[in-house]
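Here's the letter readout for the chains.
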Amino acid sequence: MGYLMSKRFSWGVGTSAYQIEGAWNEHGKGESIWDRFMHAEGIRPNGDRACDHYNLVDKDLELLAAMGIDSYRFSTAWSRVLPLGTGTPNHRGLAFYDRLVDGLLERGIEPWLTLYHWDLPQTLQDAGGWVARDSVEWFAEYSSVMVEHFADRVTNWITVNEPWVSSFLGHHEGVFAPGMTDWSSALKAAHHQLLAHGVAVREMRRIAPDIAIGIALDCRPAHPRTDSNEDVMATRHFDGYRNRWFFDPVFGKGYPADIQTVYMERDQWPSDLVRDGDMDLIAEPIDFCGVNYYTSLGIDAAHAEIDHSEGRIGPPADDGFTEMGWRIDPQALGAFLRRVSDEWGPTSIIVTENGASFSDGIGPDGSIHDDRRIAYLTSHIAEVERISTQGVPVDGYFVWSFLDNLEWVAGFDQRFGLVHVDHGTQIRTIKDSGYWFRDHIAARRNDPNG
Ligand code: IFM
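Position numbers for residues start from 1 in each chain and track the written sequence from start to end. For this predicted model, a pLDDT threshold of at least 70 governs which residues receive local features, and a threshold of 80 or more governs which side-chain atom pairs are given and counted, while totals over whole chains, interfaces and linings are taken from all residues. As a convention, hydrogens and water are excluded, and side-chain values are obtained from all of the structure's heavy atoms.

Caption draft 1: Spatial organisation of the overall build of the chain. For the chain, the helix and strand inventory stands at 16 helices and twelve strands. Atoms counted for the radius of gyration: C-alpha only. Globule rule: 2.2 Å times the number of residues to the power 0.38. Computed over its C-alpha atoms, the radius of gyration of the chain comes to 21 Å, within 12% of the 22 Å expected for a compact globule of 450 residues. Judged by the C-alpha coordinates and their principal axes, the chain covers about 60 × 55 × 45 Å. Within the chain, contacts between residues at least 6 apart in sequence are counted, and of these 78% link residues at least 24 apart. When the accessible surface of the chain is split by element, carbon and sulfur atoms take 49% of a total near 16,000 Å². Strands here mean DSSP runs of E at least two residues long; helices mean DSSP runs of H or I at least four residues long; both are numbered from the N terminus. In this analysis, two residues are considered to be in contact whenever any of their non-hydrogen atoms come within 4.5 Å of each other. Throughout, the Shrake-Rupley method with a 1.4 Å probe supplies accessible areas, and for residues the shown protein chains are the sole cover considered.

Caption draft 2: Up close: the site of the ligand. Proximity is defined per residue: any heavy atom of the residue falling within 4 Å of a molecule or strand makes that residue near it. Contacts to the ligand come from Gln 19, His 117, Trp 118, Glu 162, Tyr 294, Trp 326, Glu 353, Trp 400, Glu 407, Trp 408 and Phe 416. Here a polar contact is recorded for every N or O atom pair within 3.5 Å, except that within protein the pair must consist of a potential hydrogen donor and a potential acceptor, and residues adjacent in sequence are included only if both atoms are side-chain atoms. Taking His 117, its side chain carries an N or O atom lying 2.8 Å from an oxygen atom of the ligand. Glu 353 is positioned such that a nitrogen or oxygen atom in its side chain is 2.5 Å from a nitrogen atom of the ligand. Expressed as a share of its isolated accessible area of 280 Å², the protein-covered part of the ligand is 95%. By the convention adopted, Pro, Cys, Tyr, Trp, Phe, Met, Ile, Leu, Val and Ala count as nonpolar, Lys, Arg, Asp and Glu as charged, and the other residues, Gly among them, as polar. A per-class count over the shell around the ligand returns six nonpolar, two polar and three charged.

Caption draft 3: Examining helix H15 (residues 371-388) more closely. For H15, spanning 18 residues, the distance from its first C-alpha to its last is 26 Å, which sits close to the expected 26 Å at 1.5 Å a residue. Along H15, the positions that sit buried rather than exposed are Arg 373, Ile 374, Tyr 376, Leu 377, His 380, Ile 381, Glu 383, Val 384, Glu 385, Ile 387 and Ser 388. By definition here, a helix of n residues has an expected span of 1.5 Å times n minus one. Residue exposure (1.4 Å probe, protein chains only): buried if accessible area is under 20% of the type maximum, exposed if over 50%, otherwise partly exposed.

Caption draft 4: Main features of the environment of Pro 45. As for its placement among the helices and strands, Pro 45 is situated in the loop between helix H3 (33-41) and helix H4 (53-66). Classification of Pro 45 as partly exposed rests on a relative accessible area of 31%. Discounting residues that sit within four places of it in the chain, Pro 45 has contacts with Met 38, Leu 406, Gly 411 and Phe 412.

Caption draft 5: The arrangement of the packing of helix H9 (residues 163-171) against helix H11 (residues 229-250) in detail. In this analysis an axis means a line fitted to C-alpha atoms, helices contributing only their contacting stretch, and an angle means the value between N-to-C directions, from 0 to 180 degrees. Orientation of H9 relative to H11, taken along the N-to-C sense of each, is 130 degrees, at an axis distance of 10 Å. With respect to H11, the axis of H9 lies oblique. Where H9 crosses over H11, the handedness of that crossing is right-handed. For the pair H9 and H11, the contacting residues are Pro 163, Trp 164 and Phe 168 in the first and Tyr 241, Arg 242 and Phe 246 in the second. Reported orientations rely on four angle classes, namely roughly parallel under 35 degrees, roughly antiparallel over 145, roughly perpendicular from 65 to 115, and oblique for the rest. Throughout, a crossing is termed right-handed when the near helix is turned clockwise from the far one, and left-handed when it is turned anticlockwise from it by less than a right angle.

Caption draft 6: Structural view of the packing of H4 against helix H6 (residues 91-106). H6 packs onto H4 with a crossing angle of 10 degrees between their chain directions and a minimal axis gap of 10 Å. Relative to H6, the element H4 is oriented roughly parallel. Between H4, through His 53, Tyr 54, Val 57, Asp 58, Leu 61 and Leu 64, and H6, the contact on the second element is made entirely by Arg 92, Phe 96, Arg 99, Leu 100, Gly 103 and Leu 104. Of the residues belonging to the contact of H4 with H6, the class tally is seven nonpolar, two polar and three charged.

Here it is, written out as structure tokens:
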């Protein structure tokens, strides 16, 4: 534990705005692409109310304190702060986040602010969204407004969360907002999000040189199902599409040539997309690399065409799987963190998301005995701690999620929280896993060998 303690390891929980806040059009908040998408598709439940965190923020702050959490990762809703995406800030929106940040600091909890967790203002979508290069400027303006307002109190900043998801599920698969189904648009959205990240890092650092800035990249470690050449090649493709496409450029290696070649052969690559200087901007040095990890995949050539989402490959919930159909594989987390360190070399790694969906409800004794989540967290945290004693610079671990929140189009059935939420009454109940995590943090803080 020596390494963990010497740098003051951050133990936290995470959420995102659309998944918990509700109040989708209150106090001047503008419409986001997720508001529009869920309403247009008629998907219910949606984020109109979610966990009503906007109104229950004080209660939620008390819960975080009761659980002994030392770091809280949340996202700000761009359209709550800038209802039209750019221009005049909404002071009531800023006031909400002031209340949250000040409430965290009063309780000794470190705020970790994510600027973009998929909820682009709808006005900006109407102007082309992430497919348009203007999005880079829009994001720079939004991030500057936020840093100017909060950098006196918020030290840790994450620009963009899981750009693979919002680019490819949102612009190619069409299953997430804004619901587009076009490969080239997905590639443009991904490039502009990465560019927006790099430009914002530069601008944020100019405004507030002392803040720490990173990005949260999702990963899907993959291994071939057999040692056949086809499966090995398919796995390499999948890794390029899903992992290397984002990690490589952020760490100065450019886009992976093997995958770019495939896009070119398929006429999906927009030849004018990357301009001189773009790759340098994307590789603007960051203070930490956020890694979101949930599961690994075994790839066979028949299912690994790179334009297939892995969501379709997963088996149903079973022993060894979470209720998302995701294989439980803690060793793959340790191996991937090792790979991040060896292959991309960030100075600091934060596990910005890790957790499991299990729908245990309230038992007759009023408690929630979510033993499967405790087992999942125990095994994954053990890997993080093991790998960090072997020279991999992991400095933080955030459970996803603080609350049972809205799992996007999957609604409220997929429960990731350490805290159970009855979405009818909005009553919160700390699960056994929440108490377990509290005790784990306390044990690490009190470790005399730390
Ligand atoms: O709930 C999501 C979160 O918004 C982003 N990362 C994965 C989580 C679980 O699917």
